[in-house]
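In case you want the letters, here they are:
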Amino acid sequence: MSGNRNSTLSETIHFEALRREMVALQIRDRGVRSERVLSAMSAVPRHEFVPANQMAAAYSDQALPIGDGQTISQPYVVAAMTQALSLTGLERVLEIGGGSGYQAAVLSVLAREVVAIEFVPQLAVAARDRLARLGYSNVRVEQGDGSLGWPARAPYDAILVAAAAPDIPAPLVEQLAEGGRLIIPVGPIEEQNLLRVVKRGGQTFQEILFACRFVPLRGRYGWRQDLRSTTPE
């Protein structure tokens, strides 16, 4: 038993060191300055959100496959998108494309409540169980068409879309609260622009953050099955 405890402790220390290095080199050095975001990225154990065969690469500078053509996004992209939401801790956040639950876990540290929508049933179940096991009690994972948002909990102070859309889905704009921020990759399947959309006075104002490449958004306002690619950001 002592050997098992020592092995577990050694593994924990190893992953903590990798996580500190990830935050310092991949995130802070690339311009993410929010101390709250850096702290959240330092706290959430990314290796718990990847398949066992990807665990050794959990803190690498890349997106990783999680099954069914979906990915867990590159750490920098997770941090940059999160920073762009300007969360204070009081918000209700909607995440589209819940995947393994990693982005939702990061958001949960920074917001009052997170609703994560995942299109793939088995991924939604796994993410729900994983987040509960790890103690992220302010996250609610739902299975459904994320391009339609989740009207039952609207309006949302912030919405993050972790999949590429051909256009900004109208339901997401409708469900965004006054003063709310929407972060979404929009554009052709081959490459998109990450947009920040702010709602003021019933109107929306857009700015481009950076070029990116995400897996395609599924659902009514997403891409048709025959047009989808699985090359991730």
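The following refers to the structure shown. Everything quoted here is computed from the prediction, not taken from an experiment. (Residues numbered from 1 in each chain as written. Predicted model: local features only at pLDDT ≥ 70, side-chain atom pairs only at ≥ 80, totals over all residues. Heavy atoms only, no water.)

The subject of this paragraph is empty space enclosed by the protein. Per the counting criterion, the structure on display carries one cavity of 30 Å³ or more. Its volume calculated, the largest cavity comes out at about 320 Å³. Lining the largest cavity are 31 residues, and of these Gly-97, Gly-98, Gly-99, Glu-118 and Ala-162 sit closest to its centre. Of the residues forming the lining of the largest cavity, the biggest block, three residues, is contributed by strand S2 (residues 70-72). Considering only residue class, the lining of the largest cavity consists of 15 nonpolar, 12 polar and four charged. (1 Å grid on protein atoms, 1.4 Å probe; cavity = no way out; pocket = protein on both sides within 12 Å on 5 of 7 lines; lining within 4 Å. Points joined across faces, edges and corners; volume = space filled by probe spheres on them. Helix = DSSP H or I, 4+ residues; strand = E, 2+ residues; numbered from the N terminus. Nonpolar A, V, L, I, M, F, W, Y, C, P; charged D, E, K, R; others polar.)

Burial runs high along strand S6 (residues 156-161): five of the six residues are buried. Both strand S3 (residues 92-96) and S6 contribute to a ladder of four bridges, which runs parallel. In the strand pairing of S6, Glu-95 is matched with Leu-160. Where S6 meets strand S7 (residues 176-186), four bridges bridge the pair, whose relative direction is parallel. What sits directly across from Ala-158, in S7, is Arg-181. (Buried < 20%, exposed > 50% of the residue type's maximum accessible area, 1.4 Å probe, protein only. Pairing = 2+ DSSP bridges.)

Within the largest apolar cluster, 52 residues are counted, with the highest numbers of intra-cluster contacts made by Ile-27, Met-41, Phe-49, Leu-87, Tyr-102, Val-106 and Leu-131. If one sorts the elements of this core by residue count, helix H3 (residues 75-84) sits on top with seven residues. Not counting the four nearest positions on each side in its chain, Ile-27 is found in contact with Met-22, Val-32, Leu-38, Met-41, Pro-75, Tyr-76 and Ala-79. Listed in part, the 18 residues of the second largest apolar core include Tyr-156, Val-161, Val-186 and Val-215. (Core = buried A, V, L, I, M, F, W, Y, C linked by side-chain atoms within 4.5 Å. Contact = heavy atoms within 4.5 Å.)

Looking now at the packing of aromatic side chains. According to the stated counting rule, one finds four aromatic pairs in the structure shown. Here the aromatic rings of Phe-49 and Tyr-136 are separated by 6.5 Å at their centres, their planes lie at 55 degrees, and the arrangement is tilted. Residue Phe-49 is found in the loop between helix H2 (35-43) and strand S1 (64-67), and its partner Tyr-136 is found in the loop between helix H5 (121-133) and strand S5 (139-143); the two are separated by 87 residues along the sequence. The buried category is assigned to Tyr-136, whose relative accessible area is 13%. Measuring from centroid to centroid gives 6.1 Å for Tyr-76 and Phe-210, while their planes differ by 35 degrees, and the two rings are tilted. Placement of the pair is Tyr-76 in helix H3 and Phe-210 in strand S9 (residues 203-212), with a sequence separation of 134 residues. Looking at Tyr-76, the relative accessible area reads 19%, which means it is buried. Aromatic rings pair up to connect Phe-49, Tyr-102 and Tyr-136 into one cluster. The ring centre of Tyr-76 lies 5.6 Å from the NZ or CZ of Arg-30, which sits over that ring. Its guanidinium or amino end placed over the ring of Tyr-102, Arg-46 lies 5.1 Å from that ring's centre, counting from NZ or CZ. (Phe/Tyr/Trp six-rings, centres within 6.5 Å; stacked < 30°, edge-to-face > 60°. Lys NZ or Arg CZ within 6 Å of the ring centre and 35° of its normal.)

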